[in-house]
Amino acid sequence: MRQPTTDRLDGKTALVTGANTGIGRTAAIELARRGATVLVCARSEDKARPVVDEITALGAKARPWALELGDLDAVATSARALVSEGIALDRLVLNAGLAGQQGLTKQGFELTFGVNHVGHFLFGELVMPRVRECKGRVVVVASGNHYQVDAIDFAAVRQRTRTVTGLHEYSVSKLANVMTAIDWSKLHADAGVKVVSLNPGRIASDIWRRIPNPFRWLFMQTMRTVEQGAYTTVHCAALADRELVSGAYYNDCREKPVNPAALDEAKRRALRDASLGWVGDYLR
Ligand SMILES: NC(=O)c1ccc[n+]([C@@H]2O[C@H](COP(=O)([O-])OP(=O)(O)OC[C@H]3O[C@@H](n4cnc5c(N)ncnc54)[C@H](OP(=O)(O)O)[C@@H]3O)[C@@H](O)[C@H]2O)c1
């Protein structure tokens, strides 16, 4: 397994979604150790506070930030507060995610797609002006599961989760993450913004807790630790600008080819148009 870069982030501000636990928590602590001021995002400030306390106990800087991705009203409120406070966003790490659950988000999206893609898409669109002002960077935590599908069924993502394991829906949400990272890398290159997506590896975190056995047991046999799971995220957030390839997909701290479906401009355009339609009321 490759180690992440040792580059530092002194003077930078980094926001990490889903930072109360798992890969996001480990990444947030490591970015703070490297000198960044970290906005620790969780569904509520109370959930973020223990990680903020861990970071401040290390002599580093952090503050809690509330972001509930399953409710677009809450996403918009969180993003607008960030923009109006004028917070610099040198690094935006979109890490939160769920798998193996069934249901719908508040506005009626398939639960996994709604949280992993739609919530992050709206948040990213709304805070992007702050990233652009900083010539910042967006790091989208996707998954190797994005290779499992090659199309997004726009009707299915407006219905309750259909599969027992939820893994098909998870793969669809992760293909959407990779496609969105490529789109943003092209759309915001003019401002010097870099955007990458990545696979953290197969990691023994809480994310698999709702997958029924024996699927979960089988799944968890070959997994790495949460600390190892943060390596590629930290690498992509800290690597010197001249070395990071915008629009690329990283795996084990180096570039890896994406699913060709993510390179299909027509497929990406269809997803972006649909996503803008879904969140349009919040962007006006
Ligand atoms: N673990 C793996 O093997 C693996 C492999 C490939 C990709 N990934 C990706 O890595 C990322 C981190 O996953 P992890 O393994 O660290 O999982 P985890 O330990 O379950 O952490 C997931 C984080 O996302 C947050 N989250 C879930 N639903 C949310 C919502 N509606 N609003 C706001 N935050 C929400 C969780 O908050 P709560 O604690 O409040 O639920 C938690 O902070 C995910 O994007 C995942 O898809 C993981």
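Summarised in this report is the structure supplied together with it.

## Comments concerning the site of the ligand
Thought 1: Taken together, 31 residues lie near the ligand, and Asn-20, Lys-47, Tyr-170, Ile-203 and Ser-205 sit nearest.
Thought 2: At 2.5 Å, a side-chain N or O of Asn-20 approaches an oxygen atom of the ligand.
Thought 3: Here an oxygen atom of the ligand and a backbone polar atom of Gly-97 are 3.1 Å apart.
Thought 4: Starting from 890 Å² of accessible surface for the ligand in isolation, the protein chains cover 96%.
Thought 5: Classifying every residue of the shell around the ligand by side-chain character gives 13 nonpolar, 11 polar and 7 charged.

## Things to note about the side chain of Lys-174
Thought 1: Summarising the element assignment, Lys-174 is placed in helix H5 (residues 167-187).
Thought 2: Buried and without a salt bridge, Lys-174 has Glu-110 as its closest oppositely charged side chain, separated by 12 Å.

## Re the packing of aromatic side chains
Thought 1: For the structure shown, the criterion picks out 6 aromatic pairs.
Thought 2: Between Phe-121 and Trp-184, the ring centres sit 6.3 Å apart and the planes meet at 10°, which makes this aromatic pair stacked. Of this pair, Phe-121 sits in helix H4 (residues 111-133) while Trp-184 sits in helix H5, placing them 63 residues apart in sequence. Residue Phe-121 shares its accessibility class with Trp-184, and that shared class is buried.
Thought 3: Ring centres 5.9 Å apart and planes at 90° place the aromatic pair Tyr-147 and Tyr-249 in the edge-to-face group. Highlighted residues: Tyr-147 in the loop between strand S5 (137-141) and H5 and Tyr-249 in strand S7 (residues 249-251), separated in sequence by 102 residues.
Thought 4: The exposure class assigned to Tyr-147 is partly exposed, which follows from its relative accessible area of 32%.
Thought 5: Residue Tyr-249 is classed as buried on the basis of its relative accessible area, which comes to 2%.
Thought 6: Following the ring pairs from residue to residue traces out a cluster consisting of Phe-109, Phe-113, Phe-154 and Trp-278.
Thought 7: Here the basic side chain of Arg-158 rests over the ring of Phe-109, its NZ or CZ set 4.0 Å away from the ring centre.

What counts as what
Residues numbered from 1 in each chain as written. Predicted model: local features only at pLDDT ≥ 70, side-chain atom pairs only at ≥ 80, totals over all residues. Heavy atoms only, no water. Near = heavy atom within 4 Å. Polar contact = N/O pair within 3.5 Å; in protein donor to acceptor, adjacent residues only side chain to side chain. Areas by Shrake-Rupley, 256 points an atom, 1.4 Å probe, with all protein chains shown as cover. Nonpolar A, V, L, I, M, F, W, Y, C, P; charged D, E, K, R; others polar. Helix = DSSP H or I, 4+ residues; strand = E, 2+ residues; numbered from the N terminus. Buried < 20%, exposed > 50% of the residue type's maximum accessible area, 1.4 Å probe, protein only. Lys, Arg positive; Asp, Glu negative; His and termini not counted. Salt bridge = Lys/Arg side-chain N within 4 Å of Asp/Glu carboxyl O. Phe/Tyr/Trp six-rings, centres within 6.5 Å; stacked < 30°, edge-to-face > 60°. Lys NZ or Arg CZ within 6 Å of the ring centre and 35° of its normal.

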